[in-house]
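# Secondary and tertiary structure notes
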Amino acid sequence: MKTIKDKVAKLSFVALLMALTSAMFYTPTASAHGEKSQAAFMRMRTIHWFDLDWSKDEVAVNDTMTISGKFHVFAGWPETVDKPEVSFLNIGIPGPVFIRAGSWIGGQLVPRSVSLELGDTYEFKVLLKARRPGDWHVHTMMNVEGGGPIIGPGKWVTITGSMSEFVNPLTTLTGQTIDLEDYALDNVYFWHALWYSIGLAWLIFWIKRPMFIPRHIAVTSGKADTLISATDKKVAIGFAVGTLALLMYGMGSTNEKYPITTPLQAGLMRGIKPIEMPETSVAVKVEDATYRVPGRAMQMTLTITNNGDSAIRLGEFNTASVRFLDADVLEDESGYPDDLLAEEGLTVSDNSPIAPGESRTVEVTASDAAWEVYRLADLIYDPDSRFAGLLFFFDEDGNRQMVMVDAPLIPSFI
Ligand SMILES: [Cu+2]
C-alpha cells in the first residue's frame, strides 16, 4: 500500500515538474491586448475612436511621437458601465515603454481625470516619448471609473536605440533641471538602506547570544530579569534616542534642502470642451440589422435621406475600431492598423450618389476577418444584442459627414 502511495506521489511530482517546465517554455506571441476579450456590445456602445493619426511608427529612444484623433461618447451608454463622469485618458502599453509627455482633450492638458458628456465628440492628442526598444502595440484608451478600461485601436510602433540613453529632463519652478528617470533615487536608496541596517543592528545586538531555549528556561524558572542587563537597557535607550534624533535631523535637513514643496495635485477636471460637430444633413434609419452565426459579416438595411445640397455616397462604417470602407469612395491614408482596416469591407447594394432631397433604402454589408478576429461575432454571447457605429458620407468635393447609427443586431443562424 505504502509503495503505491509513494509511486503516486513521485509521479505527481514529476507531472508537476513537467507542467511547470512546459509553462515556462510556452510563450505565445501577444497580439491582442485585452480588447478582444471584452464584451462586443460594450466595445460597440461606449466610445467610438475615429480620425486617428499616428505621427510615426518607428521612433528612436528619447524621440517623441503623437497619437491624435477624435472620440465620440455614445449616448446609448450601457447600464453596466458607469457614466464617464470620471474618466482618464490613458495609453495602453506594456509598462512605460514610452512615457506620456503630454495628453490633451479639446486643447486642454489632462494629467488628471476628466468629465465627459454622453453624446459629445472630443478631440484628443497624446505625446509619447520613446523609452524602451522593441515592437510595441500602442493603444489609446479611456479608463472610466466604475466601468473599466475602454480600449481604442492599437498600432505597432517600433522603438530603436538603447534604454540606457533615455532621459526625462524637467525644469522645476525653483529653477533646477532634473532628470525624472533617476531623480532622488540615491536618496531613496540611502534612507531605506540606513533604516534597514538600524533594524538589523538591533536584531544582531540581541541574537549574538543564545536566543530561545536558555532564555525560555530562564523565564519559566522565574529569572527573567537576569536576561536584560544594565548595558542592554543603555543600548535600548541609545537606539530609541538615536532613532528620534536621526528622524529629526532627516526631517530638518530635508526641509532645508527643499524649502519649497507642494502637495500632490489632484482632482477631477470638469468643463472639457467637446468639438462642435456640424449639423449633419444626412438622415439614416436602420430598418434592420443582422449578422450570420457563424460568419464574418454584418448586414444592415439603411434608409438614407440626403437633406443637404450636394450628392453624397457612403464611404465608411466604423464600429468597435474596425473600419469598413468602400474602396470606390474612400481610401485610408492614415496608416490605420491593418488588422482593423477592411479596405474593401463595405458593400452597398447601390452606392451611386444620393442626390439632394433623395431618399434611398440600401443593403449594406460590412464584412471582414476583423469581425471574427476581434470577436465582434461574439456578440452572440452578450446579454444586449445591439450595436452602434459611425457612418461616414462624402460628397463630390470630399466633404465628410458623420452619422451615428444604433439599433438591435439580430443573429441569423445557418
Ligand atoms: Cu494591443
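First, a word on what this report is: a plain description of the structure on this page. (Residues numbered from 1 in each chain as written. Predicted model: local features only at pLDDT ≥ 70, side-chain atom pairs only at ≥ 80, totals over all residues. Heavy atoms only, no water.)

As a further point, take the packing of aromatic side chains. What the rule picks out here adds up to 14 aromatic pairs. Sitting over the ring of Trp104, Lys125 keeps its end group 5.0 Å from the ring centre. Lying over the aromatic face of Phe205, Arg209 brings its terminal NZ or CZ to 5.2 Å of the ring centre. (Phe/Tyr/Trp six-rings, centres within 6.5 Å; stacked < 30°, edge-to-face > 60°. Lys NZ or Arg CZ within 6 Å of the ring centre and 35° of its normal.)

On to the side chain of Asn351, then. Here Asn351 is to be found in the loop between strand 17 (346-348) and strand 18 (359-367). Looking at Asn351, its side chain comes within polar contact range of the main-chain oxygen of Leu314, at 2.9 Å. Separated by 2.7 Å, the side chains of Asn351 and Asp326 make a polar contact. Beyond its immediate stretch of four places on either side in the chain, Asn351 contacts Arg313, Leu314, Asp326, Val329 and Arg360. (Helix = DSSP H or I, 4+ residues; strand = E, 2+ residues; numbered from the N terminus. Polar contact = N/O pair within 3.5 Å; in protein donor to acceptor, adjacent residues only side chain to side chain. Contact = heavy atoms within 4.5 Å.)

Attention now goes to the pairing of strand 4 (residues 87-92). Along strand 4, five of the six residues are buried, which leaves the element largely enclosed by surrounding structure. Summarising the sheet, strand 4 and strand 8 (residues 134-144) pair through six bridges and their orientation is antiparallel. Bridged to Ile91 within strand 8 is Thr140. (Buried < 20%, exposed > 50% of the residue type's maximum accessible area, 1.4 Å probe, protein only. Pairing = 2+ DSSP bridges.)

The strand order 16-15-14-19-20 describes an open sheet built from five strands, whose pairing is mixed. In the strand order of this sheet, the two ends are held by strand 16 (341-342) and strand 20 (400-408), each with one partner.

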